[in-house]
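Fold and geometry: a report
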Amino acid sequence: MRKGSIPGGSGRVRPLRLLGDQGLATPCEEVTEFDAGLAELVEDMFATMYAARGVGLAANQIGVPLRVFVYDCPDDEDVRHLGHLVNPRLVTADGIAFRGPEGCLSVPGVEAGTERFDHAEVAGFMVDGSPVRVSGTGFFARCLQHECDHLEGGLYLDRLTGLRRRRALRAARRGGLAPAAGAPLGGRQG
């Protein structure tokens, strides 16, 4: 029998912010209160991520501009990684850089080959304020880098160039998603 509750089991599903929402392009603020409100946010984030069938979710994707993300993501060996990070900082992104398929809950239905490193390590805190370091390889490393980008106000689309970028943006427009004319997709270009 499982001890404790399932992450998100007591949370409520919140609406996702989609491409074009300015909150996705704004860097998030540090969490300063490790309290019941933060624990509730993490629960809601897990519930929202599972409802949307995602493997990671950053707080700004549900309209909360705080440095928090949750994940339930396999690596390339199909080992499940489940957790959350508060005030995460990407410590290392190294190894082989490779282009792999990447999508985003805030850009539903659009996927593009995006270059990421094969290894990532992130330092941050648990919801109770205790420090934690999480490292991953393969798909899980991609997830860690992707969520850290969100907290800086970036989207994976910002990392695309040339034809890949044009195709992804065209697919987003066909799906009814697009930033306002002249607005940045995310906070940084890469």
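Not measured: the values here are computed from a predicted model.

1. Thoughts on the overall build of the protein chain
- In terms of helices and strands, the protein chain carries 3 helices and 5 strands.
- Written out in order from the N terminus, the α and β elements of the protein chain read α-β-β-β-β-β-α-α.
- Expected size for 190 residues packed as a compact globule is a radius of gyration near 16 Å; at 16 Å, the protein chain falls within 12% of this value.
- A principal-axis box enclosing the C-alpha atoms of the protein chain has dimensions of 50 × 35 × 30 Å.
- Looking at the protein chain residue by residue over its 190 residues, the buried ones come to 45%.
- Contacts in the protein chain between residues at least 24 apart in sequence constitute 67% of all its contacts with a sequence separation of at least 6.
- Counting only carbon and sulfur atoms, one obtains 52% of the accessible surface of the protein chain, whose full area is about 9500 Å².
- With 22 positive and 24 negative side-chain charges, the protein chain shows a separation of 9 Å between the mean positions of the two kinds.

2. Re the pairing of strand 5 (residues 131-137)
- Both strand 4 (residues 112-125) and strand 5 contribute to a ladder of 7 bridges, which runs antiparallel. Bridge assignment links Glu 121 to a residue of strand 5, and that residue is Ser 135.
- In textbook terms, the turn of a hairpin is the stretch between consecutive antiparallel strands, and for strand 4 and strand 5 this stretch comprises 5 residues, one of which, Gly 129, has a positive phi near 95°.

3. Some thoughts on the UniProt feature "active site" (unreviewed entry) in the protein chain
- The UniProt entry lists Glu 147 under the feature "active site" (unreviewed entry), expressed in the numbering used here.
- Here Glu 147 lies in helix 2 (residues 138-151).
- Given a relative accessible area of 3%, Glu 147 falls into the buried group.
- Those residues within four positions of Glu 147 in sequence are excluded, and the remaining contacts are Gly 56, Leu 57, Ala 58, Gln 61 and Phe 69.

4. Side note on the sheet that holds strand 3 (residues 80-102)
- A sheet is described by the order of its strands in space; here 5 strands give the open sequence 1-2-3-4-5, paired in antiparallel fashion. The open sheet has two edge strands, strand 1 (56-58) and strand 5, and neither has a second partner. Each neighbouring strand pair of the sheet contributes to a mean axis angle of 30°, computed without reference to strand direction.
- In this structure, strand 3 lies alongside strand 4, joined through 12 bridges in antiparallel fashion. Across the sheet, the residue bridging to Gly 100 is Thr 114, located in strand 4.
- Across the sheet, helix 2 is in contact with strand 1, strand 2 (68-74), strand 3, strand 4 and strand 5; its angle to strand 4 comes to roughly 75°.

5. Describing helix 1 (residues 36-51)
- Over its 16 residues, helix 1 extends 22 Å from the first C-alpha to the last, a length consistent with the 22 Å expected when each residue adds 1.5 Å.
- Looking at helix 1, one finds that the buried residues are Leu 38, Leu 41, Val 42, Glu 43, Asp 44, Met 45, Phe 46, Ala 47, Thr 48 and Met 49.
- A side-chain oxygen of the first residue of helix 1 lies 3.1 Å from the backbone nitrogen of Gly 37; this N-cap is Asp 35.
- Arg 53 sits one or two positions beyond helix 1 and adopts a positive phi of about 65°.

6. Some remarks on helix 2
- Given a rise of 1.5 Å per residue, 14 residues ought to cover 20 Å, and the 21 Å separating the end C-alpha atoms of helix 2 matches this to within 8%.
- Burial runs high along helix 2: 13 of the 14 residues are buried.
- Positive phi appears at Gly 153, one or two residues downstream of helix 2, with a value of about 90°.

7. Quick look at the environment of Tyr 156
- Among the structural elements, Tyr 156 can be located in the loop between helix 2 and helix 3 (162-174).
- With relative accessibility at 1%, the residue Tyr 156 sits in the buried group.
- Here the alpha-carbon distance between Tyr 156 and Thr 114, two residues 42 residues apart in the chain, equals 7.2 Å.
- Setting aside chain neighbours within four positions, we find Tyr 156 in contact with Glu 102, Gly 103, Cys 104, Val 110, Glu 111, Ala 112, Thr 114, Arg 116 and His 146.
- A polar atom in the side chain of Tyr 156 sits 2.8 Å from the backbone oxygen of Val 110.

The rules we used
Residues numbered from 1 in each chain as written. Predicted model: local features only at pLDDT ≥ 70, side-chain atom pairs only at ≥ 80, totals over all residues. Heavy atoms only, no water. Helix = DSSP H or I, 4+ residues; strand = E, 2+ residues; numbered from the N terminus. Rg over C-alpha atoms; globule rule 2.2 N^0.38 Å. Buried < 20%, exposed > 50% of the residue type's maximum accessible area, 1.4 Å probe, protein only. Contact = heavy atoms within 4.5 Å. Areas by Shrake-Rupley, 256 points an atom, 1.4 Å probe, with all protein chains shown as cover. Lys, Arg positive; Asp, Glu negative; His and termini not counted. Charge placed at Lys NZ, Arg CZ, Asp CG, Glu CD. Pairing = 2+ DSSP bridges. UniProt positions renumbered as here; feature names shortened; annotations may be inferred. Axes fitted to C-alpha atoms, helices over the stretch in contact; angles between N-to-C directions. Expected span 1.5 Å × (residues − 1). Polar contact = N/O pair within 3.5 Å; in protein donor to acceptor, adjacent residues only side chain to side chain.

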